Amino acid sequence: MSVITILMTMVSTALIYSAPLIFAALGGTFSERGGIVNVGLEGIMIVGAFSGAVFNLTYGPALGAVTPWIGLLVAGGFGLLFSVLHALATVNFRADHIVSGTVLNMLAPALCVFLTKIFYDGKGQTPVLDQSLSTFTFPILSKIPVVGEIFFTRTSLLAYLGILIGFISWWILIKTKFGLRLRSVGENPQAADTLGINVYLMRYSGVLISGFLGGIGGGIMSQSISLNFSVSTIAGQGFMALAAMIFGKWHPLKVVAAAIFFGISQSLAIIGAYIPVISKIDDVWFQMAPYLITIVVLALFIGKFYAPAADGETYVKSK
Amino acid sequence: MPNSSKLFKVLVPLTSVLAGLVVGAIVMAIFGYDPFLNYASLFTGALGDANAIGETLRELTPLILTALGFSIASTAGFFNIGGAGQALMGWMASVSFALNFSSLPHWLLLLGSIMAGALAGGIWAGIAGVLKAYLGTSEVITTIMLNYIALYLSSFLVKNFLAQDQSDFSKTIPEGARLRTPFLEHLTQNSTFNYGIIISLIMVIVVYFLIQRTKVGYEYRAVGLNDKAANYAGMNVKKVIISAMVVSGALAGLGGAVEGLGNYENIYVMTSLPDIGFNGMAVSLLASGNPIGIIFSGLLFSILKIGGLSISVVSTTPPEIVDIVIATIIFFVGINYVIKIGLEKLSKKKGEG
């Protein structure tokens, strides 16, 4: 294999693994900028992965290649629906945000495996999807010498789409009236309320956006990486997305960069096989690497991170 | 009502359990399963004969320990989601100790294996404690990440050091390290019920006294309520954080040890984390961290888990329905504010009428 082919494989593998994290981490950013901690991202991703896989298997034969793309929207939709539980519990019913998020993480695998067994003859996992999100070669960009081959040939279109959504998220959060309101509710809900901002509505928006984006993240996992659904389709990616959100200081563009960083660490096991010296190392180190790297990164850089001031606090509107 | 707050302490979990069972029944009905038949087979499956009761009590044994571990951490204000990984490390260490020091006299071997489990769990949680104390790293994320590391590390260790010729499980632990005993096996028609339950019940008492009656427990509670005030009052907050996490992990590690020494009697390559971790957390949340309450809520969840196995024997209902019920119960525990308001309104109406 030539150096360029190796580099292309490394970059595209890293981007494929980054894509779900980018979407989920941006979702977490919206929720937390509005003041609702969302550790339920993992559960939301599970629901997204499951609903995407079921849609794909059901309509794949009829719809063909476009299936996984619609599957992503379906995954987002169910993720959003599922996140309503979290919004209801934390915004209306004053539940502890972490307890409620943990409930999502407990409920999602139970519900999705339960349904998988009902839909697919008692088996704990779905059959393999045949309409998957395959790699994409950009039409003109791929013709650029070297760079085109490394970054724009047989790569993950979704990762690029995620980066684009990162820019859109930045614009929404920082430049629009909605973004300003959402952030104000995450920083000082009392003051925002006094100014006539509907705190509950804003917080709902934040959580539901995180449900939609987290669901898409899950849909990407099942439709481009695991290619089926089982309990182990989502293994900590929701929490890694949260780590990326913290590492990216709740700023959409930095969050995207952090998500790509964690995506690279997730792809190490696959990339490692292509690099002569590293391929001798036992698999277990690569399997542990993304989790270990997450801890190290958070530990080393956390001192400089400040969450939105009212993040995790329940707001009770005074009568 | 003068005793209303005490009454609510019992009514809130009871309402949550009831709500969870009702939601479970609705889910079953939606998918065409008979909820009454299923709940009936669940309860006979968990309590129907001596063997079933033995299995349920065996299930309860590690759950009490992981739940106590979660409670200790929450007392000091930490959400230790890493019980599963800490239990797994404890399981690993206790079985390794038992296999490596099999020549030790019976009591020493047993005690050493149990202590090894507690130590390993304590160290594993201690990592998150140190990071929290000195660097402010969120324990929610670090303990979850440590769960996955424990999962891969333990399977690596089993494959490379404990398993014999290409198998994916270790040798069975020597006789001297077993927690099972002919007496209890005989009593419960050969169930896996074992002496681990004694460890669990002793720990309930120890944790109760630790939190309520000792200086250490007082410091945990103080830091949990307001770490700045605790610091101002002269407590070494960093030390308290680390100690609470280590004790929390040691209890989870004990939970893993009783699984290894009492239930499975070996360790194998696992594909997912042992569920005693997450279920222990649920047990503790339902009991709002109260050590005595943990026995009862642990018993309930053990009945659900063991009974759940026989649901799928009698009907085609997937056993995951039990996990849906458990998650729903915790959802209602989480929104206890609503339950309290509802109950208050209900009692007012009765008072007026």
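Please read all numbers here as calculations on a predicted model, not as lab measurements.

Rules and cut-offs
Residues numbered from 1 in each chain as written. Chains lettered and ligands numbered in written order. Predicted model: local features only at pLDDT ≥ 70, side-chain atom pairs only at ≥ 80, totals over all residues. Heavy atoms only, no water. Axes fitted to C-alpha atoms, helices over the stretch in contact; angles between N-to-C directions. Helix = DSSP H or I, 4+ residues; strand = E, 2+ residues; numbered from the N terminus. Parallel < 35°, antiparallel > 145°, perpendicular 65-115°, else oblique. Left-handed = near helix turned anticlockwise from the far one by under 90°. Contact = heavy atoms within 4.5 Å. Phe/Tyr/Trp six-rings, centres within 6.5 Å; stacked < 30°, edge-to-face > 60°. Buried < 20%, exposed > 50% of the residue type's maximum accessible area, 1.4 Å probe, protein only. Core = buried A, V, L, I, M, F, W, Y, C linked by side-chain atoms within 4.5 Å. Salt bridge = Lys/Arg side-chain N within 4 Å of Asp/Glu carboxyl O. Polar contact = N/O pair within 3.5 Å; in protein donor to acceptor, adjacent residues only side chain to side chain. Patch = residues over 30% accessible without salt bridge, like charges linked within 9 Å, V, L, I, M, F, W, Y side chains within 5 Å. Areas by Shrake-Rupley, 256 points an atom, 1.4 Å probe, with all protein chains shown as cover. Nonpolar A, V, L, I, M, F, W, Y, C, P; charged D, E, K, R; others polar.

Engineer: Go over the packing of helix α1 (residues 3-33) of chain A against helix α10 (residues 237-247) of chain A, please, and point to the residues and values.
Structural biologist: Residue and element names in this part refer to chain A. For the pair α1 and α10, interaxial distance at closest approach is 8 Å and the crossing angle is 60 degrees. The angle between α1 and α10 falls in the class oblique. When you trace α1 past α10, the crossing you get is right-handed. Across the interface between the two elements, Leu21, Ala24, Ala25, Gly28, Thr29 and Glu32 from α1 touch Gln237, Met240, Ala241, Leu242, Ala244 and Met245 from α10.

Engineer: Quick rundown of the packing of aromatic side chains? Include the residues and the values.
Structural biologist: For the structure shown, the criterion picks out 23 aromatic pairs over all chains. For the pair Trp91 of chain B and Tyr268 of chain B, a centre-to-centre distance of 5.9 Å together with 80 degrees between the ring planes defines the contact as edge-to-face. With a gap of 177 residues between them, Trp91 of chain B in helix α4 (residues 83-100) and Tyr268 of chain B in the loop between α11 (237-264) and α12 (276-286) connect regions that are remote in the sequence. Relative accessible area serves as the criterion here: at 26%, Tyr268 of chain B is assigned to the partly exposed category. Measuring from ring centre to ring centre gives 5.7 Å for Phe331 of chain B and Phe332 of chain B, while their planes differ by 85 degrees; the resulting arrangement is edge-to-face. Clustering of aromatic rings is evident, with ring pairs tying together Phe50, Phe119, Tyr120 and Phe229 of chain A.

Engineer: Before we move on, can you summarise the nonpolar core with the specific residues and values?
Structural biologist: Note on soluble globular proteins: their nonpolar side chains tend to be buried together. All names here are of chain B. Counting residues in hydrophobic clusters, the biggest one holds 185 residues, and the most contacted among them are Met145, Ile267, Phe301, Leu304, Ile321, Ile329 and Ile330. Counting residues per element, this core draws most heavily on helix α6 (residues 139-162), which supplies 13 residues. With sequence-adjacent residues up to four places away left out, Phe301 is seen in contact with Leu63, Asn279, Ala282, Val283, Leu286, Ile326, Ile329 and Ile330.

Engineer: Explain the interface of chain B and chain A to me, using residue names and the numbers behind them.
Structural biologist: Taken residue by residue, the interface counts 38 residues in chain B and 41 residues in chain A. Counting the contacts that link chain B with chain A gives 1 salt bridge. Notably, a salt bridge pairs Glu320 of chain B with Lys117 of chain A, separated by 3.0 Å at the nearest N-O pair. Counting the contacts that link chain B with chain A gives 3 residue pairs in polar contact (both at pLDDT 80 or more). Elements with a contribution of two residues or more to the side of chain B that touches chain A: α5 (106-135), α6, α12, α14 (321-334) and α15 (336-352) of chain B. With 11 residues, the single largest contributor to the side of chain B that touches chain A is α6 of chain B.

Engineer: So what about a nonpolar patch on the surface? Which residues, and what values?
Structural biologist: Residue and element names in this part refer to chain A. A contiguous nonpolar patch, built from Tyr59, Leu63, Val66, Trp69, Ile70, Leu161, Leu164 and Ile168 and spanning about 660 Å² of accessible area, is present on the exposed surface. Elements represented by at least two residues in the nonpolar patch include exactly α2 (41-63), α3 (67-92) and α6 (157-175). Considering the arrangement of structural elements, one finds Leu63 in helix α2. Take Leu63: its relative accessible area is 37%, and that puts it in the partly exposed class.

Engineer: Report on the side chain of Glu219 of chain B, specifying residues and quantitative values.
Structural biologist: All names here are of chain B. Following the sequence through the fold, Glu219 ends up in helix α9 (residues 215-225). Residue Glu219 is classed as buried on the basis of its relative accessible area of 18%. Sequence-distant contacts of Glu219, defined by excluding residues within four places in its chain, comprise Met235 and Val240.

Engineer: Outline the packing of helix α11 (residues 252-272) of chain A against helix α12 (residues 283-301) of chain A, listing residues and values.
Structural biologist: All names here are of chain A. One way to put it is that α11 packs onto α12 with a least axis distance of 8 Å and a crossing angle of 160 degrees. Here α12 runs roughly antiparallel to α11, going by the angle between their axes. You can see that α11 and α12 cross each other, and the crossing is right-handed. Residues Phe261, Phe262, Ser265, Gln266, Leu268, Ala269 and Gly272 of α11 touch α12, and the partners they reach there are Phe286, Ala289, Pro290, Ile293, Thr294 and Val297. Considering only residue class, the contact of α11 with α12 consists of 9 nonpolar, 4 polar and no charged.

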